[in-house]
Number of protein chains: 14
Amino acid sequence: MDSMTLIAMTSIFIAGLTTGFGTMGPALAEGRAVATALTSLAQQPDASATITRTLFVGLAMIESTAIYCFVVSMIVIFANPFWNYAVAQAAGQ
Amino acid sequence: MDSMTLIAMTSIFIAGLTTGFGTMGPALAEGRAVATALTSLAQQPDASATITRTLFVGLAMIESTAIYCFVVSMIVIFANPFWNYAVAQAAGQ
Amino acid sequence: MDSMTLIAMTSIFIAGLTTGFGTMGPALAEGRAVATALTSLAQQPDASATITRTLFVGLAMIESTAIYCFVVSMIVIFANPFWNYAVAQAAGQ
Amino acid sequence: MDSMTLIAMTSIFIAGLTTGFGTMGPALAEGRAVATALTSLAQQPDASATITRTLFVGLAMIESTAIYCFVVSMIVIFANPFWNYAVAQAAGQ
Amino acid sequence: MDSMTLIAMTSIFIAGLTTGFGTMGPALAEGRAVATALTSLAQQPDASATITRTLFVGLAMIESTAIYCFVVSMIVIFANPFWNYAVAQAAGQ
Amino acid sequence: MDSMTLIAMTSIFIAGLTTGFGTMGPALAEGRAVATALTSLAQQPDASATITRTLFVGLAMIESTAIYCFVVSMIVIFANPFWNYAVAQAAGQ
Amino acid sequence: MDSMTLIAMTSIFIAGLTTGFGTMGPALAEGRAVATALTSLAQQPDASATITRTLFVGLAMIESTAIYCFVVSMIVIFANPFWNYAVAQAAGQ
Amino acid sequence: MDSMTLIAMTSIFIAGLTTGFGTMGPALAEGRAVATALTSLAQQPDASATITRTLFVGLAMIESTAIYCFVVSMIVIFANPFWNYAVAQAAGQ
Amino acid sequence: MDSMTLIAMTSIFIAGLTTGFGTMGPALAEGRAVATALTSLAQQPDASATITRTLFVGLAMIESTAIYCFVVSMIVIFANPFWNYAVAQAAGQ
Amino acid sequence: MDSMTLIAMTSIFIAGLTTGFGTMGPALAEGRAVATALTSLAQQPDASATITRTLFVGLAMIESTAIYCFVVSMIVIFANPFWNYAVAQAAGQ
Amino acid sequence: MDSMTLIAMTSIFIAGLTTGFGTMGPALAEGRAVATALTSLAQQPDASATITRTLFVGLAMIESTAIYCFVVSMIVIFANPFWNYAVAQAAGQ
Amino acid sequence: MDSMTLIAMTSIFIAGLTTGFGTMGPALAEGRAVATALTSLAQQPDASATITRTLFVGLAMIESTAIYCFVVSMIVIFANPFWNYAVAQAAGQ
Amino acid sequence: MDSMTLIAMTSIFIAGLTTGFGTMGPALAEGRAVATALTSLAQQPDASATITRTLFVGLAMIESTAIYCFVVSMIVIFANPFWNYAVAQAAGQ
Amino acid sequence: MDSMTLIAMTSIFIAGLTTGFGTMGPALAEGRAVATALTSLAQQPDASATITRTLFVGLAMIESTAIYCFVVSMIVIFANPFWNYAVAQAAGQ
């Protein structure tokens, strides 16, 4: 069990975990926001312009937290500085 | 228990975990959104066009978080850089 | 405890876990959507066409997340690249 | 503790776990759908045909997720490719 | 700790776990369905025929998920292919 | 720590666990059903015959899931095929 | 750590666990049933005979699940077949 | 770490656990029953005789499950057959 | 790590755990009962005699479950038969 | 790691745990009681004497369960019979 | 890893845990009490004197449970008899 | 792994844990208090002076429990008597 | 398993965990805030300017806590002082 | 695994954990406060000045608990006295 294997395993594990669990919160939050938007539209159809605009701004902000998680996963898989260092060490060895 | 086995095991484990748990949040959120859409339709059938459109945009955004999880699973199974590196090492050995 | 046994064990474990737990969210979400559809039908029988159509679209989207889990399970059991690699290694040994 | 024992143990463990836990979600979801159907029937007896039909379609979709779990359990017990490979290896040894 | 003991232990463990936990969901779901049926009967005694019929169909579908668990337990105790294989191996040894 | 001790320990452990936890769901479900029956009786005393009959049918179905658990416990204690096999092995040794 | 000690430890552990946790569900369920009975009595004092009778039947059925747990505990402490077998083995040794 | 120490440790552990956790359910259930009784008394002071009588019968039944736990704890501490057997073995050694 | 140390450690551990966790249920239950009593007093000040009396009887019964836990803790600390046996053994050694 | 260190560690651990977790229940229960008292005072200012008196009696009973935990912690720190025995043993050695 | 290190580690661990978790209950309880006080003030501004007085008495009692935790933490850090004994042993060695 | 490293690790671990988790309760409690204050202000703007004053007193008391946690963390990092003792031992060695 | 591997593994693990779990709270909180904003807009369209402004200020403050988590993750991956120290040690070795 | 590596690992782990989990409470609390502010604004637009002011004071106090966590994380990463001591020891060695 050498160093590179361990770093690879940890990276794979965390890449999945961060996206897998980190999207749960945003998904539920977006579900709630969309649900309330639909209730509001049914209750006050005249305000649909304002409601839709506010909904999209809100969804964008909530989605941003899901994006953070996806970005961290991608960094860990494809731009992992610790892995790059280890590869450089192994190459220069 | 060599390096490749460990990386393979971790990849399989995470591929399943990420999809298995990561789709729970989106599923529940979509269930909530659809449920509220149905309530709103029953309450205000005249606004069905706006409600349906908003619902589909919302479902698309929620589904996107489920897609992130599925994408990470697929990357981990079929385009795993750590596995590729290990295969290349084993081949060049 | 050789490599193939470990990969097989992890694959079986994850195949079951992904389907077993991953269908919990979609099941609950579908239950909620169906329940609300029934309430809406009882409240506004005239809108039954719109309600039923929206329900089926929604159920299809929720079911899609359950399908992702089932697909990952099937890939892990029947089209597992890590297992195939190990079998090829063992055959070529 | 040879390979076959380990694969057998994992298979038994997962077969039970997948069905045991995987049917919890569908069961609760069906309970909810049936309960709402009964409430709706009591509230709007005239719409009983639509309600019953929608209920059965919904129950079928929810039951499908329970079937996925049962199918995975049966595959793991009676059509397990990893077990078959191990038996073939042991026979050919 | 030979192979047969391990398979026997896992089988006993899973047989109990699958039934013990797997019946929790169906039990709660049936309790909910029965409870709503009683409320509906008290609210709309005239619809008792429809309500009772729908209740029994629903209970049958929910009970089916409990039956799946019981069946898996019985298979694991009395028709376990892995155990049979091990007994055959031990007998032929 | 010989085989028989391990099988005995697992059997005792599972016999208690299956009954101890498996009766929690049915108990709560019966409590809910009885509670709703009492509310319904207070609300609609005239329908007491229908309510009582539906309650008893429902309680019987819920109790059946508790019975499954108890039966599995009894099988594990008094008719355990794995234990019988081990005893036969030990006697014939 | 001989066999008898292990069986004794497991038996004591399970005897307490089964009763300690297994009575939680029935207790909560009885609390719910009694609470609803009191609410119903306050709401409809005239139906006190029917309410009380239904309550006692319900409490008896809920208590039965607590009795199952207590019976399993007593079997495990005082009529444990695995312990008896071990004592017989030790005596005949 | 001889046999007697292990049995003693398990007995102390289970005696506390059974009472400590097993009284949680009854306590909460009694709290619920008492709370509802007070609400009912405030709502229908005329029915205080029936309410009080039903409350006491219900509290007795709930308390019975707490008594089961206490009895098992006392048996485990003061009338433990496994401990007695071990003491007899140690004395006769 | 001799026998007496282990018994002492287990006893201290369980004495604290039983009281620390076992009083959580009664405390919450008493809080609920007191809270409902206050609501009832505010709603029906004329029935304050009956309410207060019922409250005190109920608090006494709930407190009894807390007392069980405290008693078991005190037995485990100050009248522990297993510890006394071990001290007697150590003294007579 | 001698006996005294282990007993000291266990004692410190349990002293903190018992107070730290054991006061959670009473604190929440008192919060509930105080909150209801305030609601009742706002709703029925004339009954403030009865409400305040009942509140204080109730708080005293709830606080008593917190006191049990604190007392057990103090006994474990400052009047621990197992520690005293160990100190006496060490002194007399 | 000598005795003093272990006692120091346990003391630091418990000092933090007791305060960190033990203040959660009181904080939530105070939040609830304050929130209800504000609601009551808005509903019945005339009773502000009684409400404020009762609130402060209640907050004092709830705070007392947080103080218990803080006191135990301080005892464990600054007046720990087990640590003092160990220091004395080490000094007299 | 010498003593100082272990004490340092435990101190860092607990310093973070105490603040990280210990501020969760106060934060939620303050959120609740502030939320209720805003509701009350909207409902009774005339009582804004009393409401604001009570809110600030309440926030101060809730914040005090967060301060306890922060203080314990700071003591553990910067005024840790166990660390100081260890440093003194190491210096005097 | 040298020092650098361990630090790299811990850094990757924590970078993912902090973002993955730390964005759950902000996501849910933003979902709640957006949902309430939509409800408020539907209820009082005239106050849309004030509501939108308050919503954006609130979202900014909630997002700030998500930013803290992302910042800590980035520091741990790209500006980790402990990793830099270890690299410097390894280079200077 | 030398001392410095262990301290570095613990520091990284706790820095992430404290911020990652410690911001969950404040985020949810701020979400609640903002949500209630929006409801209050919609209900009483005239009181918007008081509501906004109280909201900002409240948000500041809630944010303060998130700041505590962030501060502890920063201290642990950049001003860690235990790490500094270890570096000084290593340098002076």
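Under the annotation held in an unreviewed UniProt entry, chain A carries the name ATP synthase subunit c and is attributed to Oceanisphaera arctica. Heading Sequence similarities (unreviewed entry) of the UniProt record for chain A holds this comment: "Belongs to the ATPase C chain family."

Caption draft 1: Here's a closer look at the overall build of chain A. From N to C terminus, chain A includes four helices and zero strands. When its helices and strands are written in sequence order, chain A yields α-α-α-α. For chain A, the C-alpha radius of gyration of 21 Å lies well beyond 12 Å, the compact-globule estimate for 93 residues. Across its three principal axes, chain A shows a C-alpha extent of roughly 70 × 20 × 10 Å. Burial analysis of chain A (93 residues in total) assigns 63% to the buried set. Summarising the internal contacts of chain A: among those between residues at least 6 apart in sequence, 79% fall at separations of at least 24. Total accessible area on chain A stands at roughly 3,000 Å², and carbon and sulfur atoms take up 63% of it.

Caption draft 2: Region of the structure containing the interface of chain B and chain A. At the junction of the two partners, chain B supplies 42 residues and chain A supplies 44 residues. When the buried surface of chain B facing chain A is broken down by residue, Tyr68, Phe82 and Tyr85 of chain B rank first, second and third, together holding 18% of it. At the junction of chain B with chain A, the criterion picks out six residue pairs in polar contact (both at pLDDT 80 or more). Sorting the residues of the side of chain B that touches chain A by element identifies helix 1 (3–22), helix 2 (24–43), helix 3 (48–78) and helix 4 (81–92) of chain B as the ones contributing at least two each. Top element by residues in the side of chain B that touches chain A is helix 3 of chain B. It accounts for 16 residues. Here the side of chain B that touches chain A is built from residues that sort into 26 nonpolar, 15 polar and one charged.

Caption draft 3: Focus on helix 1 (residues 3–22) of chain K. Compared with an ideal rise of 1.5 Å per residue, which puts 20 residues at 28 Å, helix 1 of chain K spans 27 Å between its outermost C-alpha atoms and is within 8% of the ideal. When you tally the buried positions in helix 1 of chain K, you get 17 out of 20 residues, the bulk of the element.

The rules behind the values
Residues numbered from 1 in each chain as written. Chains lettered and ligands numbered in written order. Predicted model: local features only at pLDDT ≥ 70, side-chain atom pairs only at ≥ 80, totals over all residues. Heavy atoms only, no water. UniProt positions renumbered as here; feature names shortened; annotations may be inferred. Helix = DSSP H or I, 4+ residues; strand = E, 2+ residues; numbered from the N terminus. Rg over C-alpha atoms; globule rule 2.2 N^0.38 Å. Buried < 20%, exposed > 50% of the residue type's maximum accessible area, 1.4 Å probe, protein only. Contact = heavy atoms within 4.5 Å. Areas by Shrake-Rupley, 256 points an atom, 1.4 Å probe, with all protein chains shown as cover. Buried area = accessible area lost by both parts, 1.4 Å probe. Polar contact = N/O pair within 3.5 Å; in protein donor to acceptor, adjacent residues only side chain to side chain. Nonpolar A, V, L, I, M, F, W, Y, C, P; charged D, E, K, R; others polar. Expected span 1.5 Å × (residues − 1).

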